[in-house]
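# Descriptive structure summary
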Amino acid sequence: MSQTYFQKGFGLRSTVGPVLAESYDSRVVDRLRELGHAARAGDMVLKLAREFGFCYGVDRAVEYAYETKQKFPDRRIFLSGEIIHNPEVNGRLVDMGIVILPPADDPVARYREVGSGDVVLLPAFGVPVTEMQHLRSKGCVLVDTTCGSVLTVWKNVHKYARDGFTAVIHGKHYHEETKATASQALTHAGGHYLCVRDKAEAAIVCEFIRGLRAPDDLRQRFAHAADPGFEPERDLAHIGLANQTTMLMTESLEIQEMLRAAMRERHGEAELAKRFQAMDTICSATQDRQDAVLKMLAEGGLDVMVVIGGYNSSNTQALARICTERLPTYHIDGARCLEPGAIRHQAVGAHEEARQEAWLPAGPVRVGLTAGASTPNNVVGEVVARILALRGLDPTALTSA
Ligand code: SF4
């Protein structure tokens, strides 16, 4: 029987490497790196965070997508949603003839047009268990690019479910990764999950644990963020905390402490270890990017911050949140957002793009830059070039700061 499940690529790095470099590398970013991540041009200083852009999981997923096209040139190739949250990268895959299947709750509907001879790429976030089972039953070829850091979260959630703990997931219940992670809790009989998006939602759960909220209230509020059989009284008696890998680290830790305190108050210190577990499952790439931007902000001296990444990219949103608390920050998805005299951006918490005039202060200015884990270097380079162009400069003017 021929192999139909691939998880480690096809060993075609040497073939696709030059295409990937041509598509996603940037001479401008290389130059900024050579200059120690800080450069001057005219009266502008640009500082680039030490860690930014493509992470190991995204690198690998994008490479496997290109390898898949090489390996199966004559087959139809489908992608289960976006491979990563970056419009440029997804657009290039579409240009290569890969069909992106839109999200749908019902796997049968989502994969209706996929046949047994077709190839389906699974994204770095992973897919829910029911989708995986459905795809396996179709007999199509599966190229699974699920990131190892996501698989680690799944392992923890499995362990919680096996041990009778409900997985409380700090994540967005509608995000692909969190949907896939939550589904792992249901692979054990009696497994349950509850997703909390932020501290406000965690506070509601804590109120219930302390006996200050009715079960019906909790059930209603989290109807879309918990499994259908979730019973608050029964299922919040033992909880295990996990995170979507790309959340804001500081918030995840705060939520962990909030829930720990509520469980301690409700059940007492002696019971705590038997009823509450927490595993930090923020991935190291997310952590490194958040740490790097915090360090850059702590060094001070910046007038404005530009955060580059898809608007639906969770880790880019987290970077924008960190920066917005300290200085004027613009989350943009690429160089198209920079117009003469104005910037198009999405503010933290907003769902639509806004346009801001006079965003770049006149005269000497220091601009900070970072990019989410799904943003390729070529997009970062294009943004740098466009910012310089706003002052009549180009990247050849970059010198040591
Ligand atoms: S952000 Fe983290 S979990 Fe997501 S693909 Fe990158 S390394 Fe993997």
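A few points on the structure. Everything numeric here is computed off the predicted structure, so don't read it as measured data.

### Let's talk about the state of the cysteines
Inspection of every chain in the model, using the stated rule, returns 0 disulfides. The thiol sulfur of Cys195 is not disulfide-bonded, and the nearest other cysteine sulfur, from Cys206, lies at 16 Å.

### Describing the pairing of strand S8 (residues 166-170)
Consecutive residues of a regular strand have side chains that alternate between opposite faces of the sheet. Within S8, 5 of the 5 residues are buried, which leaves the element mostly enclosed by the surrounding structure. Sheet topology note: the S8/strand S10 (residues 239-243) ladder contains 5 bridges and is parallel. In the sheet register, Val168 faces S10, and the bridge partner there is Leu241. Note that S8 and strand S9 (residues 193-196) share 4 bridges and pair parallel. Bridge assignment links Ala167 to a residue of S9, and that residue is Tyr193. In this region the chain leaves S8, passes through helix H8 (residues 176-185) and returns to the parallel neighbour S9; the handedness of that crossover is right-handed.

### Points about the nonpolar core
Counting 34 residues, the largest nonpolar core has Val205, Phe222, Leu236, Ile239 and Leu259 as the members making the most contacts within it. Of all elements in the fold, only helix H7 (148-162), S8, H8, S9, helix H9 (199-209), S10 and helix H12 (249-267) reach the threshold of two or more residues within this core. Looking at this core element by element, the count peaks at 6 residues for H9. Residue contacts for Phe222: discarding those within four places in its chain leaves Leu194, Cys195, Val196, Glu201, Ile204 and Val205. Listed in part, the 33 residues of the second largest apolar core include Tyr330, Ile343, Leu369 and Ala371.

### A word on the sheet that holds strand S7 (residues 141-144)
With parallel pairing, 5 strands are arranged side by side in an open sheet as S1-S7-S6-S4-S5. With one partner strand each, in any of the chains shown, strand S1 (5-6) and strand S5 (99-101) form the two edges of the open sheet. Across 4 bridges, the pairing between strand S6 (residues 119-122) and S7 is parallel. Among the inter-strand pairings, Leu121 is bridged to a residue of S7, identified as Val143. Sitting on the sheet, helix H3 (residues 56-71) touches strand S4 (77-80), S6 and S7, and the angle it makes with S6 is about 170°.

### Description of the environment of Leu121
Relative to the helices and strands, Leu121 resides in strand S6. The residues contacting Leu121, other than those within four sequence positions of it, are Tyr64, Ala65, Thr68, Ile77, Phe78, Leu79, Ser80, Ile98, Val143 and Thr145.

### Quick notes on empty space enclosed by the protein
For the structure on display, the rule yields 1 cavity of 30 Å³ or more. What the largest cavity holds in volume is close to 260 Å³. Among the elements of the structure, H3, helix H14 (284-299) and helix H15 (314-324) are those that each provide at least two residues to the lining of the largest cavity. The greatest single-element share of the lining of the largest cavity, amounting to 3 residues, is contributed by H3. Across the lining of the largest cavity, the residue classes break down as 11 nonpolar, 10 polar and 1 charged.

### What to know about the pairing of S10
Counting buried positions over the 5 residues of S10 gives 5, a clear majority of the element. Along S10, one buried face is formed by Ile239, Leu241 and Asn243 and the opposite face, lined by Gly240 and Ala242, is buried too. When S10 meets strand S11 (residues 276-278), the two strands line up parallel, connected through 3 bridges. Within the sheet, the bridge partner assigned to Leu241 lies in S11 and is Ala278.

### Here we look at the packing of helix H2 (residues 27-34) against helix H16 (residues 377-390)
As a packed pair, H2 and H16 sit with axes 7 Å apart at the nearest point and diverge in direction by 80°. The angle between H2 and H16 places the two elements in the roughly perpendicular class. Along the contact surface, H2 presents Val28, Val29, Leu32 and Arg33, while H16 presents Asn377, Val380, Gly381 and Val384. Its residues assigned to classes, the contact of H2 with H16 shows 5 nonpolar, 2 polar and 1 charged.

### Comments concerning the site of the ligand
In the neighbourhood of the ligand, the contacting residues comprise Cys55, Tyr56, Gly57, Val58, Cys147, Ser149, Val150, Thr245, Thr246, Cys283, Ala285 and Thr286. If you map the ligand onto the pockets, it falls in the largest cavity. Of all the elements in the fold, those that place two or more residues in the shell around the ligand are H3, H7 and H14. Of the residues forming the shell around the ligand, the biggest block, 3 residues, is contributed by H3. Its residues assigned to classes, the shell around the ligand shows 7 nonpolar, 5 polar and no charged.

### Looking at the layout of surface pockets
Roughly 770 Å³ of internal volume is contained in the largest pocket. Lining the largest pocket are 30 residues; nearest its centre among them are Asp105, Pro128, Lys179, Ser183 and Tyr193. Within the residue set of the lining of the largest pocket, elements represented by two or more residues are helix H6 (129-138), H8 and S9. For the lining of the largest pocket, the per-class residue count stands at 15 nonpolar, 9 polar and 6 charged. Looking at the second largest pocket, its volume works out to about 560 Å³. Along its surface, the second largest pocket is lined by 25 residues, and Lys172, Tyr174, Arg197, Tyr311 and Gln317 are the ones closest to its centre. The leading source of residues in the lining of the second largest pocket is H15, at 5 residues. The class makeup of the residues in the lining of the second largest pocket is 9 nonpolar, 10 polar and 6 charged.

### Side note on the packing of aromatic side chains
According to the stated counting rule, one finds 6 aromatic pairs in the structure shown. When the ring of Phe6 is compared with that of Phe10, the centres are 4.8 Å apart and the planes differ by 55°; the resulting orientation is tilted. The exposure classification of Phe6 matches that of Phe10, with both residues buried. When the ring of Tyr24 is compared with that of Tyr66, the centres are 6.1 Å apart and the planes differ by 85°; the resulting orientation is edge-to-face. Of this pair, Tyr24 sits in helix H1 (residues 13-24) while Tyr66 sits in helix H3, and the two are 42 residues apart along the sequence. One exposure class covers both Tyr24 and Tyr66, and it is buried. Among the aromatic residues, those joined into a cluster by ring pairs are Phe6, Phe10 and Phe72. Against the face of Tyr5 rests Arg136, its NZ or CZ located 4.7 Å from the ring centre.

What counts and how
Residues numbered from 1 in each chain as written. Predicted model: local features only at pLDDT ≥ 70, side-chain atom pairs only at ≥ 80, totals over all residues. Heavy atoms only, no water. Disulfide = S-S within 2.5 Å. Buried < 20%, exposed > 50% of the residue type's maximum accessible area, 1.4 Å probe, protein only. Helix = DSSP H or I, 4+ residues; strand = E, 2+ residues; numbered from the N terminus. Pairing = 2+ DSSP bridges. Right-handed = clockwise from strand over helix to strand, strands pointing away. Core = buried A, V, L, I, M, F, W, Y, C linked by side-chain atoms within 4.5 Å. Contact = heavy atoms within 4.5 Å. Axes fitted to C-alpha atoms, helices over the stretch in contact; angles between N-to-C directions. 1 Å grid on protein atoms, 1.4 Å probe; cavity = no way out; pocket = protein on both sides within 12 Å on 5 of 7 lines; lining within 4 Å. Points joined across faces, edges and corners; volume = space filled by probe spheres on them. Nonpolar A, V, L, I, M, F, W, Y, C, P; charged D, E, K, R; others polar. Parallel < 35°, antiparallel > 145°, perpendicular 65-115°, else oblique. Near = heavy atom within 4 Å. Sits in = over half its atoms within 2 Å of the grid points. Phe/Tyr/Trp six-rings, centres within 6.5 Å; stacked < 30°, edge-to-face > 60°. Lys NZ or Arg CZ within 6 Å of the ring centre and 35° of its normal.

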